[in-house]
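Each chain, written out:
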Amino acid sequence: MLEKSALYVVATPIGNLSDISLRALEVLAGVDAIAAEHVQNSEHLLAKHHITAKWIRLHQHNESAVAEKILSRLQAGGSIALVTDAGTPAISDPGAILVQHVREAGHRVIPVPGASAAICALSAAGINNPHFLFYGFLPTKTGLRKRALTEIKSYQFTVIFYEAPHRILECITDMIEIFDEKRKITIARELTKLFETIFCGTLGEALAWLQADINQQRGEFVLLLSGAEMLEKSDISEHARHTLSCLLAELPLKQSVKLAAEITGENKNALYQLALDLKSTGEPGF
């Protein structure tokens, strides 16, 4: 039995329609209505499993307004399911605003787990690093994208991105500029679909692979960028260097070192030696 006055957040397949749980099917068949971004896409999934439903169109342009209508249904005792075109709702897709409204109104939000393109790609990449960051979609404009990539340059864990086919070449090109062509990357495209492909190599090799076959530039992409090389204890990250430089321009040396160590978590003695070096070499501002 489904709960009344509850929102079910239901993960759906990212490609292969058989990749759906029995629980998800039970929920989709039992709720009073289903909120979906593109109803036609979701109808295809339900038709395969002989499920009919009442639909609510919910997308990024109407989510706040539709959330109020869904709240009215929940207050009346109804149960609603939220789905996205593929994968888990509210992850680089609409749904988070609705979930927030429902929780604030005191109604239950019940997750029904299932497919996620990011986790699917990570599981097949063979990356021996227990830590990862899901970034989602990078900015579409080149300047903003490069700025975002620069901000994560020193991260020592795997970073997972989603990317559209018409931007994949320029995205990899920007990554080469920011990270160097030797940084490792896994490209997973069309996961669970007929032309599923998983490529592992350097950024330079990845660009050549994409350029060699236009077919590899089609479909939906998950990119898994390897982390920066682990720094030796005596090394200092670019972030810490920049932080220390900014502090030294305004504060005494010892205070700058103390604050830089607290902000960045890096070795205080190493930062102190760097501060002395910066002072002695006459870096701009000193």
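Look a little higher up for the structure.
Residues numbered from 1 in each chain as written. Predicted model: local features only at pLDDT ≥ 70, side-chain atom pairs only at ≥ 80, totals over all residues. Heavy atoms only, no water.

Turning our eyes to something else, we now look at the overall build of the protein. In terms of helices and strands, the protein carries 11 helices and 10 strands. Oriented by its inertia axes, the alpha-carbon framework of the protein measures out at about 75 × 50 × 30 Å. Within the protein, the fraction of its 286 residues that count as buried is 44%. Roughly 15,700 Å² of accessible area belongs to the protein as shown, and the carbon and sulfur atoms make up 52% of that amount. With 27 positive and 32 negative side-chain charges, the protein shows a spacing of 4 Å between the two charge centroids. (Helix = DSSP H or I, 4+ residues; strand = E, 2+ residues; numbered from the N terminus. Buried < 20%, exposed > 50% of the residue type's maximum accessible area, 1.4 Å probe, protein only. Areas by Shrake-Rupley, 256 points an atom, 1.4 Å probe, with all protein chains shown as cover. Lys, Arg positive; Asp, Glu negative; His and termini not counted. Charge placed at Lys NZ, Arg CZ, Asp CG, Glu CD.)

The next point concerns the layout of surface pockets. The gaps left among the atoms become clear once a water-sized probe is rolled over them. Within this model, the largest pocket holds a volume of roughly 710 Å³. Secondary-structure elements contributing two or more residues to the lining of the largest pocket are helix H2 (39-48), strand E7 (158-163), strand E8 (184-189) and strand E10 (221-225). For the lining of the largest pocket, the leading source of residues is H2, giving 4 residues. Grouping the amino acids of the lining of the largest pocket by side-chain chemistry returns 15 nonpolar, 11 polar and 8 charged. (1 Å grid on protein atoms, 1.4 Å probe; cavity = no way out; pocket = protein on both sides within 12 Å on 5 of 7 lines; lining within 4 Å. Points joined across faces, edges and corners; volume = space filled by probe spheres on them. Nonpolar A, V, L, I, M, F, W, Y, C, P; charged D, E, K, R; others polar.)

This part covers empty space enclosed by the protein. Inspection of the entire model under this criterion finds 1 cavity of 30 Å³ or more. A volume near 40 Å³ is recorded for the largest cavity. Considering the residues around the largest cavity, the lining is formed by Glu-37, Leu-58, Leu-82, Val-83, Thr-84, Pro-89, Asp-93 and Pro-94. Its residues assigned to classes, the lining of the largest cavity comprises 5 nonpolar, 1 polar and 2 charged.

The next subject is the sheet that holds strand E3 (residues 55-57). Spatial ordering of the open sheet is given by E3-E2-E4-E1-E5, a layout of 5 strands whose pairing is parallel. For this open sheet the edge positions go to E3 and strand E5 (108-112), each flanked by a neighbour on one side alone. With strand direction ignored, the average angle separating the axes of adjacent strands in the sheet is 25°. As paired elements, strand E2 (residues 33-36) and E3 share 3 bridges and run parallel to each other. Following the sheet pairing, Ile-34 is matched in E3 by Trp-55. Relative to E3, helix H3 (residues 63-75) is tilted by about 150°, and along the sheet it contacts strand E1 (6-10), E2, E3 and strand E4 (80-82). (Pairing = 2+ DSSP bridges. Axes fitted to C-alpha atoms, helices over the stretch in contact; angles between N-to-C directions. Contact = heavy atoms within 4.5 Å.)

Within H2 the residues assigned to the buried category are Val-39, Ser-42, Leu-45 and Leu-46. The arc that holds the buried residues of H2, viewed along the axis, is 120°, so those residues lie on one side. Set apart from the buried face of H2 by more than 90 degrees, the exposed residues are Gln-40 and His-44. Phi turns positive, to about 55°, at His-50, one or two residues after H2. (Arc of directions from axis to C-beta.)

Further remarks concern unusual backbone geometry. Not every positive phi belongs to a glycine, and Glu-190 is a case in point at roughly 55°. Structurally, the position occupied by Glu-190 is in the loop between E8 and strand E9 (197-202). With relative accessibility at 16%, the residue Glu-190 sits in the buried group. The backbone phi angle of Thr-192 is positive, close to 65°, even though this residue is not glycine. Structurally, Thr-192 can be placed in the loop between E8 and E9. Of the residues examined, Thr-192 reaches a relative accessible area of 22% and is grouped as partly exposed.

This part covers the packing of helix H9 (residues 238-248) against helix H10 (residues 253-264). At a closest axis distance of 9 Å, the pairing of H9 and H10 adopts a crossing angle of 145°. Classified by chirality, the crossing of H10 by H9 is right-handed. Where H9 approaches H10, its residues His-239, Ala-240, Thr-243, Leu-244, Leu-247 and Leu-248 are matched on the opposing element by Leu-253, Ser-256, Val-257, Leu-259, Ala-260, Ile-263 and Thr-264. A breakdown of the residues in the contact of H9 with H10 according to their chemical character gives 9 nonpolar, 4 polar and no charged. (Left-handed = near helix turned anticlockwise from the far one by under 90°.)

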